[in-house]
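# What the coordinates show
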Amino acid sequence: MHSAHRYLCDEMLTGLGRWLRAAGYDTLILDAGEVDAVVLKRARDERRLLLTRDRGILKQAGAEGSVLLLGCNSLADCAAELSQRLHVDWTYRPFTRCLVCNTPLMMASERQRQDIPEDARQDERVFYCPACDKLYWEGGHVRRMRSRLQRWATADFWDDLSPP
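This text gives an overview of the structure that appears in the document. Quick caveat, the model's predicted, so the values are computed rather than measured. (Residues numbered from 1 in each chain as written. Predicted model: local features only at pLDDT ≥ 70, side-chain atom pairs only at ≥ 80, totals over all residues. Heavy atoms only, no water.)

### A few points about the state of the cysteines
Taken as a whole, this structure holds one disulfide when the rule is applied. The side chain of C72 participates in a disulfide bridge whose partner is C78; the two sulfur atoms lie 2.0 Å from each other. What sets the handedness of the C72 and C78 disulfide is the S-S torsion sign, and at about 85° it is right-handed. Across the pair, exposure class does not vary: C72 and C78 are buried alike. (Disulfide = S-S within 2.5 Å. Buried < 20%, exposed > 50% of the residue type's maximum accessible area, 1.4 Å probe, protein only.)

### Regarding the sheet that holds strand β2 (residues 26-29)
An order of β2-β1-β3-β4 is seen for the four strands of this open sheet, with the pairing classed as parallel. Edge positions in the sheet fall to β2 and β4 (67-69), since each of these pairs with one other strand and no more. When strand polarity is set aside, the average angle formed by the axes of neighbouring strands in this sheet is 25°. Here four bridges tie strand β1 (residues 6-9) to β2, and the two strands are oriented parallel to one another. Bridging from a neighbouring strand, L8 pairs with L28 of β2. (Pairing = 2+ DSSP bridges. Helix = DSSP H or I, 4+ residues; strand = E, 2+ residues; numbered from the N terminus. Axes fitted to C-alpha atoms, helices over the stretch in contact; angles between N-to-C directions.)

### Digging into the packing of aromatic side chains
How two aromatic rings sit relative to each other is set out by the distance from centre to centre and by the angle between their planes. Going through the model one piece at a time under the given rule, you end up with four aromatic pairs. Ring geometry for W90 and W152: centres 5.0 Å apart, planes at 75°, overall edge-to-face. Pair noted here: W90 is in the loop between α3 (75-86) and β5 (106-107) and W152 is in helix α5 (residues 140-152), with a separation of 62 residues, a long-range link. The burial state of W90 is the same as that of W152; both residues are buried. Ring-pair connections join several aromatic residues into one group, and the members of that group are Y7, Y25 and Y92. One cation-aromatic arrangement involves K134 over Y136; the distance from NZ or CZ to the ring centre is 5.2 Å. (Phe/Tyr/Trp six-rings, centres within 6.5 Å; stacked < 30°, edge-to-face > 60°. Lys NZ or Arg CZ within 6 Å of the ring centre and 35° of its normal.)

### Looking at the sheet that holds strand β6 (residues 127-128)
The strand order β5-β6-β7 describes an open sheet built from three strands, whose pairing is antiparallel. Looking along the sheet, the strands with just one partner apiece sit at the ends: β5 and β7 (135-136). Pairing analysis gives two bridges linking β6 to β7, with the strands arranged antiparallel. The residue of β7 that forms the bridge with F127 is Y136.

Here is the structure:
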């Protein structure tokens, strides 16, 4: 059985996987061409729920309980489906994981803060990924992403979407 808040997205759901990371969920994203049996073994071994739109993977041994087949097409519809089916909280722990490699972020050191634009250095919330050496701060891009996560977290947002 999978562990709550640990996901594995196939290549069809790369965008959704990045948004799950943005929301703070431990989410791995598969490269294209991964073999279904290997993917399922990885999901089971790492206690992750495989998110996919690939109906064929359900025919594999061990798929039951390890796979959530999504019927969505757009990113917003996929986010709505996860909210409804798994009760994903899009404001769970926003911007605590690296969007590139999924590693938990750390507070940036004073030396690392020197590598960001001067006007952003005043912000106390500058984070660093120790795995891929990326810095994150609350710039316009993050504010827009945070706003989307907050909209997705409200039930009335989903009422505006058309049913699948």
